[in-house]
Amino acid sequence: MKILPRQTRIPVGISQCAMGDPVRYNGGHKHSKVCTQLLARCFEYVPLCPEVAIGMGVPRKPIHLLVAKAGADVDAVRVVGVEDQTVDVTDPLREYADSVVPDLEKIRGYIFMQNSPSCGLHGVRRYLDNGHGIDSEGVGIFARRIQQHFPHLPMEEVGRLNNSELRENFLTRVFAYDAWFRYVECEPEQEEIPEAQQNEGAGEEPVKRLSRIARIIEFYTAYKYLLMAHNQDATRALGRLLADSKAMPEDDLAFAVRGRIMEILSHPASRKDRTNALMHSQGHLKEYLNKDETAELQQLIEDYRLGHKPLSAVLTMLRHYLPRSPHGFIHSQVLLAAEPAELGLCDFH
Ligand code: SF4
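Calculation notes
Residues numbered from 1 in each chain as written. Predicted model: local features only at pLDDT ≥ 70, side-chain atom pairs only at ≥ 80, totals over all residues. Heavy atoms only, no water. Helix = DSSP H or I, 4+ residues; strand = E, 2+ residues; numbered from the N terminus. Buried < 20%, exposed > 50% of the residue type's maximum accessible area, 1.4 Å probe, protein only. Contact = heavy atoms within 4.5 Å. Areas by Shrake-Rupley, 256 points an atom, 1.4 Å probe, with all protein chains shown as cover. Lys, Arg positive; Asp, Glu negative; His and termini not counted. Charge placed at Lys NZ, Arg CZ, Asp CG, Glu CD. Domains from an automatic or database assignment. Pairing = 2+ DSSP bridges. Axes fitted to C-alpha atoms, helices over the stretch in contact; angles between N-to-C directions. Near = heavy atom within 4 Å. Nonpolar A, V, L, I, M, F, W, Y, C, P; charged D, E, K, R; others polar. Core = buried A, V, L, I, M, F, W, Y, C linked by side-chain atoms within 4.5 Å. Parallel < 35°, antiparallel > 145°, perpendicular 65-115°, else oblique. Left-handed = near helix turned anticlockwise from the far one by under 90°. Phe/Tyr/Trp six-rings, centres within 6.5 Å; stacked < 30°, edge-to-face > 60°. Lys NZ or Arg CZ within 6 Å of the ring centre and 35° of its normal.

(A) Up close: the overall build of the protein. A count of helices and strands for the protein gives 13 helices and 8 strands. When the backbone C-alpha atoms are referred to their principal axes, the protein occupies close to 75 × 45 × 45 Å. Counting all 349 residues of the protein, 49% fall into the buried class. For the protein, restricting intrachain contacts to residue pairs at least 6 apart in sequence, the fraction spanning at least 24 positions comes to 69%. Summing over all exposed atoms, the protein offers an accessible surface of approximately 16,500 Å²; the carbon and sulfur share of this is 50%. Charge separation in the protein, taken as the distance between the mean sites of 41 positive and 47 negative side-chain charges, equals 4 Å.

In structure tokens, the structure reads:
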């Protein structure tokens, strides 16, 4: 089995102010060129501004997160006016999030604006009712509700996507989440496929003849070395769960496996673990290489481990030898595709 690249852009939710739309409380925006110029090459955005959507208007009075004490539970917050605490938009923002869930079923990632009481994903400042900032452990009320509805959906903040490694990690998770729905759940791509490309995905058809359990196992198998590059122990544990899969109802298994895959991929891939996964890949090709070729490939992987050679050099050589192996396992490995970097969306790490 080989997970084919998507032919159309991936639907991804985004805070509307990041698109350059003047929807902020002060009538401004927070345009992100990384989002609208770089990532828009592979993402089809679904922009939402929850504060405008609930009728707060532009410009509007600022709001913030209110808590009773420092360290309060993430859900024990209200969203109130900074100047007038009787303005409480907690419930409207939660209800708005609930109302957009059907439209968001198709998205495969979400990019939120940082530091917002509605959209922030991490570290949003929280306040006591006397107006004093007490901690920075808040999550925007809209973002939090979306997290609860879509617990495995890849999410990231706009500002963090300026960092190439964080961007690569987000893209890797979005590609995996999208591939899961296309491959395991056999969901068609949402955007219309241009006529000229319509035959490119024809190879995925036989997948539908497999049972869902078989597709889950094949998905894990194709992702195995990429997962190992992110967390070896958790990948082995997932393998054990799948080996025992007969004990679980199919839907529970699918939910658990998807959750674990997304959790593993959320760990940054270290050079050490990636080296290990590359060595495993090389092991599958060893019997088809002569002594000099093996030595050259091993040296290249070692140079990568030491930071002297880029990942792209190792991948190029592995792919060069790949056609010599008749084994589907190594041909299927998503690790060797390194899609986000190959598409020029981040650097090779
Ligand atoms: S952070 Fe969210 S609520 Fe605030 S302006 Fe941007 S999209 Fe609207």
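After that view of the structure, there is still more to cover.
(B) View of the domain arrangement of the protein. For the protein, the assigned domains are domain 1 (10–162) and domain 2 (271–342). A C-alpha centroid distance of 41 Å is found between domain 1 and domain 2.

(C) Local environment of the sheet that holds strand β6 (residues 124–127). Pairing in this open sheet of 4 strands is mixed, and the strands run β4-β3-β6-β7 from one edge to the other. Taken across any chain shown, the strands that pair with only one partner, and hence form the sheet edges, are β4 (78–81) and β7 (133–138). With direction set aside, neighbouring strand axes in the sheet form an average angle of 50°. The pairing of strand β3 (residues 63–66) with β4 spans 4 bridges and is antiparallel. Looking across to β4, one finds that I63 is bridged to G81.

(D) Up close: the site of the ligand. The local shell around the ligand holds 14 residues, among which Q16, C17, C49, E51 and C119 are the closest. The class makeup of the residues in the shell around the ligand is 7 nonpolar, 4 polar and 3 charged.

(E) Inspection of the nonpolar core at higher detail. Ranked by internal contacts, the top residues of the largest apolar core, which has 92 residues, are F43, Y110, I111 and I146. Taken together, domain 1 (10–162) and domain 2 (271–342) each give at least three residues to this core, which thus spans both. Counting 11 residues, the second largest nonpolar core, distinct from the first, contains L65, V77, V79 and V89.

(F) Up close: the packing of helix α6 (residues 212–230) against helix α8 (residues 250–265). The geometry of α6 relative to α8 is characterised by a closest axis approach of 10 Å and an angle of 15° between their N-to-C directions. One element, α6, and the other, α8, form an angle in the roughly parallel class. For α6 against α8, the interelement crossing comes out left-handed. Side by side, α6 and α8 meet where R212, I213, I216, F219, L226, L227 and H230 of the first sit next to E250, D251, L253, A254, V257, I261, I264 and L265 of the second.

(G) How the structure looks around the packing of aromatic side chains. Applying the stated rule across the entire model yields 10 aromatic pairs. Ring plane angle 20° and centroid distance 4.7 Å describe the contact between F219 and Y223, whose orientation is recorded as stacked. Here Y223 and F219 lie together in helix α6, a separation of 4 residues that amounts to about one turn. Exposure class is identical for F219 and Y223. Each is buried. Aromatic ring contacts, followed pair by pair, group Y96, Y110, F112 and F142 into a single cluster. The cationic tip of R108 hangs over the ring face of F181; the distance from NZ or CZ to the ring centre is 4.0 Å. Residue placement shows R271 over the ring face of Y304; its charged tip is 4.5 Å from the ring centre.

(H) Spotlight on the sheet that holds strand β5 (residues 110–112). Taking strand neighbours across the sheet as the criterion, the 4 strands line up as β2-β1-β5-β8 in an open arrangement whose pairing is parallel. Looking at strand neighbours, the two that pair on one side only are β2 (43–48) and β8 (155–157), the edges of this open sheet. Averaged over all neighbouring strand pairs, the angle between strand axes comes to 25°, with direction disregarded. Relative to β2, strand β1 (residues 10–15) runs parallel, the two sharing 6 bridges.

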